[in-house]
Amino acid sequence: SSSRDEALRDKRARILSRGLPKQKPIEGVKQVVVLASGKGGVGKSTTAVNIALALAANDSTKEVGLLDADIYGPSIPKMMNLKGNPELTPKNLMRPLKNYGIACMSMGFLIEETAPVVWRGLMVMSAVEKLLRQVDWGRLDYLVIDMPPGTGDVQLSVSQNIPIAGAVIISTPQDVALLDAHKGAEMFRKVHVPVLGLVQNMSVFQCPKCKHETHIFGADGVRDLAKALGLDILGDVPLHVNIRETCDSGQPVVISQPQSDA
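The chain carries the name Iron-sulfur cluster transfer protein NUBPL in an unreviewed UniProt entry, which gives Pygoscelis adeliae as its organism. Within the UniProt record for the chain, the comment given under Sequence similarities (unreviewed entry) is "Belongs to the Mrp/NBP35 ATP-binding proteins family."

This is the structure in structure tokens:
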């Protein structure tokens, strides 16, 4: 309706008046989905890799890309079994490295595997800008962005500079992880990025011998948070050795064991 369109225009004008940068789409990319967590160590990168592979597996006509926006701790190269430096196009854009049909870009392709990135914020922001804008993604239906943990400069810059279809928040059921996941969801709401839902990771451990189930990080914490925030639970992923081993070996479980329970 015209009144709704008018309200949306007013809302956009108010946002821009607060000094936020104008969002500019990434050339060739239709939809951007960001994977985020308030806290590190909750399996966000593992989830991002498997979501990207699942998007491609569910529809072979779709082109999917994966961007590792974690400058200090890039893990996508290892999980996607990729090494080497990106080639440059005649327009001086970096060509993503590909494996399993997924176009990938990461700071890990530009530095030595064991080299630390000892940079201040401005250098990090410049690197993120290059990973977003100076990559020849070709034509992508989905670009999955693996965000660094937290709610800092990188998250704000990505959220404010490119249009994002939605954010997915990853958390374990542990209370300290939930506190930060709550902050992450609120941050995306403040910058007007739709939160698609939450993924509860490492939810339960089943003993491979006796099949007894143990909730190592607590039970249903993410479900309770989703209910409090009015969000959906998109997945409930167990703490399973296969999920960890397959990512460590560069053969994520979605591609190497698609029929398994994991």
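Back to the text.
This part is about the layout of surface pockets. If you add up the space inside the largest pocket, you get close to 760 Å³. If you trace the largest pocket, you find 40 residues lining it, with T46, T47, N50, N201 and I243 closest to the centre. Going through the elements one at a time, helix 2 (44-58), helix 3 (76-79), strand 7 (195-201), strand 10 (233-237), helix 8 (241-248) and helix 9 (253-256) are the ones with two or more residues in the lining of the largest pocket. Broken down by element, the residue count for the lining of the largest pocket peaks at six residues, all from helix 2. Among the residues forming the lining of the largest pocket, the class breakdown is 18 nonpolar, 15 polar and seven charged.

Turning our eyes to something else, we now look at the sheet that holds strand 1 (residues 29-36). As summarised here, the arrangement of the eight strands in space is 3-4-2-5-1-6-7-10, forming an open sheet in which the pairing is mixed. Here the strands that pair on one side only, and so sit at the sheet edges, are strand 3 (97-99) and strand 10. Sheet twist, expressed as the mean angle between neighbouring strand axes with direction ignored, is 25 degrees. Examined bridge by bridge, strand 6 (residues 166-171) and strand 7 share five bridges and lie parallel to one another. Bridge pairing in strand 7 links I170 to V199. The strands touched by helix 4 (residues 121-133) within the sheet are strand 2 (64-68), strand 4 (102-106) and strand 5 (140-146), with strand 2 carrying the most contacts at an inclination of about 170 degrees.

A complete count under the given rule lists one cavity of 30 Å³ or more for this structure. Empty space within the largest cavity amounts to approximately 40 Å³. Forming the walls of the largest cavity are A36, S37, G38, G150, T151, Q155, I169, D180, A181, G184, M187 and F188. With five residues, the single largest contributor to the lining of the largest cavity is helix 6 (residues 175-190). Residues belonging to the lining of the largest cavity are distributed by class as follows: five nonpolar, six polar and one charged.

So, about helix 2. Two residues of an α-helix separated by three or four positions point the same way, owing to the 3.6 residues in each turn. Helix length check: helix 2, at 15 residues, gives a terminal C-alpha distance of 21 Å against a target of 21 Å (1.5 Å per residue), a fit within 8%. Three or more residues of helix 2 are buried, namely K44, S45, T46, T47, A48, V49, N50, A52 and L53.

Moving on: the packing of helix 6 against helix 7 (residues 221-229). At a minimum axis distance of 11 Å, the contact between helix 6 and helix 7 shows a crossing angle of 30 degrees. By the angle between their axes, helix 6 is roughly parallel relative to helix 7. Note that helix 6 runs across helix 7; the crossing there is right-handed. Note on element contacts: helix 7 touches helix 6 through G221, V222, L225 and L229, opposite L178, A181, H182, A185, E186 and R189. When its residues are assigned to classes, the contact of helix 6 with helix 7 shows six nonpolar, two polar and two charged.

Criteria and thresholds
- Within each chain, residues carry numbers counting from 1 in the order of the written sequence.
- Only residues with pLDDT of at least 70 are given local features in this predicted model, and only at 80 or more are side-chain atom pairs given and counted; all residues enter the totals for whole chains, interfaces and linings.
- As a convention, hydrogens and water are excluded, and side-chain values are obtained from all of the structure's heavy atoms.
- UniProt positions are given in the numbering used here, feature names are shortened, and annotations may be inferred rather than shown by experiment.
- Lining residues are defined by having an atom within 4 Å of a point belonging to a cavity or pocket. Those points lie on a 1 Å grid over the protein atoms alone, cavities being sets where a 1.4 Å probe fits but cannot get out and pockets being open sets with protein on both sides within 12 Å along at least five of seven lines.
- Grid points are joined across faces, edges and corners, and a volume is the space filled by probe spheres set on the points.
- The helix count covers DSSP runs of H or I at least four residues long, the strand count covers runs of E at least two residues long, and both are numbered beginning at the N terminus.
- Any residue that is not Ala, Val, Leu, Ile, Met, Phe, Trp, Tyr, Cys, Pro, Asp, Glu, Lys or Arg is counted as polar, Gly included; the first ten are nonpolar and the last four charged.
- Between any two strands, pairing holds if DSSP finds at least two bridges.
- For helices, the fitted line uses only the C-alpha atoms of the stretch in contact; every axis is such a line through C-alpha atoms, and the angle between N-to-C directions lies from 0 to 180 degrees.
- Residues count as neighbours in contact if any of their non-hydrogen atoms are within 4.5 Å of one another.
- The length a helix should cover is 1.5 Å for every residue beyond the first.
- Working definition: with a 1.4 Å probe on protein chains only, accessible area under 20% of the residue-type maximum means buried, over 50% means exposed, and in between means partly exposed.
- For classification purposes, an angle smaller than 35 degrees is called roughly parallel, one larger than 145 roughly antiparallel, one from 65 to 115 roughly perpendicular, and anything else oblique.
- Two helices cross in a left-handed way if the nearer one is turned anticlockwise from the farther one by less than a right angle. They cross in a right-handed way if the turn is clockwise.

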